[in-house]
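So you can see what is in the structure, the chains are spelled out below.
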Amino acid sequence: MSQITDSEIQERIEALKSGVKLTPEEIAAHTKSMVGYNYTVDDYYEVGREEVRKHARAVQDAHPVHWDEDAAKAMGHDTLIAAPTFVSVLGIIAQRRLFEDVVTGYDLWQIMQTDQRLIFHQPIKVGDRLICDVSLESFRQMGGADVMVTKNIIWNQHDEPVMTTFTSLVARPAVDADPEVLDELEHVMMKVDKEPTLPRSVHGPFDRYNDADPVVAPKPYAAISFDGLEVGQELPPMTKTLTRGNLVNYAGVAGDPNPIHFSDEIAKVIGLETVVAHGMQTMGLGASFITEFVGDPAAIYEYNVRFTSPVYVHPDTYADIDFTGKIKSLDPETRRGVITIVAKQGDRKIFGRAQAHVQFN
């Protein structure tokens, strides 16, 4: 836990919101002081049937466990389960609170995701009421940018752990931007005339903040058999296609209003050649590729991706992402394996390290 008290945190937040312009050094010092601080999102997130389907469509995942209750039950699930990266929807809510109320001084449009690690304790399913504990795990500066790692531990309404996630972000402190850029932002950022007041259905803080992270106990569900698999075995290659329409749809499904995903002008301001796909969108496409081979997405108990290059989606063409993969290792004693995947847009690799840990039957 951070040594800073809640009252001190509130004083800092009020000061930061008072209109006083902080220097990048002051913003970095505040962020560093928040390492170890924990909070819980004030309201639970209830997983709906159609939300599961909308997300599956947004990541082009047609596996029946996301669409058909009877098929899901035949594979050992009570109801529809969400695709592996569905957590991004909840993550956006938690991250918004983090950058608005805890770690302040950064512009949303200048925050980039660089690494994502997802650890699955059980699949997210329709009817789950998800409760999210958030902490800032680390902070450092590199190449003129602030690099931080956040951790989310997600629980259901039965106090059972569902997921643990680690997200690495690169951010630049808010600066006095060109007035023309600010005007452009004013005309592309989403507008809401009045923010609703949400109920506080979850009342933290909790003693569990000091507990060790939940353990992983993988189940194979309806995964393919371990027997017959070989180290080095290649997965059937797959190509996924993205257009501007895919990006806009995903932004709506995930609740991610970052304009670098739909505004060429804002994308170019931060050095991108055009708009880019969401990192979690491309990670979701990769998960559907893995699931196609594994047989049941719930058998994936860890999925990690390092984002090394963005997927550019130009207005007058398609963005094809080619996925290949192979079995990196197999453990006969546990019947588990590690699958590595490669994702490319043309000759450019968009993933660095990308692995899925799977419990086979």
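Residues numbered from 1 in each chain as written. Predicted model: local features only at pLDDT ≥ 70, side-chain atom pairs only at ≥ 80, totals over all residues. Heavy atoms only, no water.

Caption draft 1: Quick peek at the environment of M280. Of note, M280 is situated in helix α9 (residues 279-294). The class for M280 is buried, based on a relative accessible area of 9%. Along the chain, M280 and F307 lie 27 residues apart, while their C-alpha atoms are 9.7 Å from each other. Ignoring sequence-local partners within four residues, the contact set of M280 consists of T85, S88, Q113, Q116, Y250 and F307. (Helix = DSSP H or I, 4+ residues; strand = E, 2+ residues; numbered from the N terminus. Buried < 20%, exposed > 50% of the residue type's maximum accessible area, 1.4 Å probe, protein only. Contact = heavy atoms within 4.5 Å.)

Caption draft 2: How the structure looks around the packing of helix α3 (residues 49-58) against helix α7 (residues 244-254). At a minimum axis separation of 9 Å, α3 and α7 run at an interaxial angle of 150°. As far as their axial angle goes, α7 and α3 are roughly antiparallel. The chirality of how α3 crosses α7 is left-handed. When α3 is examined against α7, the residues K54, H55 and A58 are found in contact with a partner set consisting of N249, Y250 and V253. (Axes fitted to C-alpha atoms, helices over the stretch in contact; angles between N-to-C directions. Parallel < 35°, antiparallel > 145°, perpendicular 65-115°, else oblique. Left-handed = near helix turned anticlockwise from the far one by under 90°.)

Caption draft 3: Spatial organisation of helix α2 (residues 24-33). For α2, the full list of buried residues reads I27, A28, H30 and T31. Seen end-on, α2 carries its buried residues on one side only, within an arc spanning 160°. Turned more than 90 degrees away from the buried face of α2, the exposed residues are E25 and K32. (Arc of directions from axis to C-beta.)

Caption draft 4: Quick peek at α7. For α7, the complete set of buried residues consists of L247, Y250, A251 and A254. Each buried residue of α7 sits inside an arc of 105° when the element is viewed along its axis, so together they form one side. For α7, the exposed residues lying more than 90 degrees away from the buried face are V248 and G252. In the core, the buried residues of α7 are packed alongside α3, α5 (87-102), β7 (238-242) and α9. The opening residue of α7, the one whose side-chain oxygen lies 3.2 Å from the backbone nitrogen of G245, is T243. Trailing α7 by a residue or two, G255 shows a phi angle of about 70°, which is positive. (Polar contact = N/O pair within 3.5 Å; in protein donor to acceptor, adjacent residues only side chain to side chain.)

Caption draft 5: Region of interest: the side chain of D128. Structurally, D128 is set in the loop between β3 (106-120) and β4 (129-142). Buried and without a salt bridge, D128 has K125 as its closest oppositely charged side chain, separated by 5.1 Å. Of note is the side chain of D128, whose polar atom sits 3.0 Å from the backbone nitrogen of K125. Once you skip the residues sitting within four places of it in the chain, D128 turns out to touch Y45, E46, V47, P123, N156 and Q157. (Lys, Arg positive; Asp, Glu negative; His and termini not counted. Salt bridge = Lys/Arg side-chain N within 4 Å of Asp/Glu carboxyl O.)

Caption draft 6: Region of interest: the nonpolar core. Y303 and I339 are the most contacted members of the largest nonpolar core, which has 78 residues in total. A total of eight residues in this core trace back to one element, the largest contributor, which is α9. Residues within four places of Y303 in sequence aside, it is in contact with T85, Q116, R117, L118, F120, M283, G286, A287, I290, I341, Q355 and A356. (Core = buried A, V, L, I, M, F, W, Y, C linked by side-chain atoms within 4.5 Å.)

Caption draft 7: Layout of the side chain of N304. Structurally, N304 is set in strand β8 (residues 300-307). Residue classification places N304 among the buried residues on the basis of a relative accessible area of 7%. Within polar-contact distance, the side chain of N304 engages the side chain of E302 at 3.1 Å.

Caption draft 8: Quick peek at the environment of P259. Mapped onto the elements, P259 comes out in the loop between α7 and α8 (264-269). Linking P259 and A299, residues 40 residues apart in sequence, is a C-alpha distance of 35 Å.

Caption draft 9: Spotlight on the UniProt feature "domain: MaoC-like" (unreviewed entry) in the chain. The positions that UniProt labels "domain: MaoC-like" (unreviewed entry) are, in the present scheme, residues 238-329. Along residues 238-329 one finds 36% helix and 26% strand; the C-alpha atoms at either end are 21 Å apart. (UniProt positions renumbered as here; feature names shortened; annotations may be inferred.)

Caption draft 10: View of the pattern of salt bridges. Evaluation of the coordinates by the stated rule reveals 14 salt bridges. The partner of R200 in a salt bridge is D42, and the shortest N-O contact between them spans 3.6 Å. Of this pair, R200 sits in the loop between α6 (179-188) and β7 while D42 sits in the loop between β1 (38-40) and β2 (45-46), and the two are 158 residues apart along the sequence. Accessibility expressed as a relative area gives 45% for R200, which makes it partly exposed. Residue D42 is classed as partly exposed on the basis of its relative accessible area, which comes to 31%. With its nearest N and O atoms 3.0 Å apart, the salt bridge here joins K125 to D78. Of this pair, K125 sits in the loop between β3 and β4 while D78 sits in the loop between α4 (69-74) and α5, placing them 47 residues apart in sequence. Owing to a relative accessible area of 24%, K125 belongs among the partly exposed residues under this scheme.

Caption draft 11: Broad picture of the packing of aromatic side chains. Following the criterion strictly, the structure yields seven aromatic pairs and no others. Aromatic side chains F206 and Y209 sit 6.3 Å apart centroid to centroid with 85° between the ring planes, which places their arrangement in the edge-to-face category. Overall, F206 belongs to the partly exposed group, its relative accessible area being 27%. In this structure Y209 comes out as buried when scored by relative accessible area, which is 14%. Three or more aromatic residues joined by ring pairs form one cluster here, namely F289, F307, F323 and F351. Between R208 and the ring centre of F206, over which it is positioned, the NZ or CZ distance is 4.2 Å. (Phe/Tyr/Trp six-rings, centres within 6.5 Å; stacked < 30°, edge-to-face > 60°. Lys NZ or Arg CZ within 6 Å of the ring centre and 35° of its normal.)

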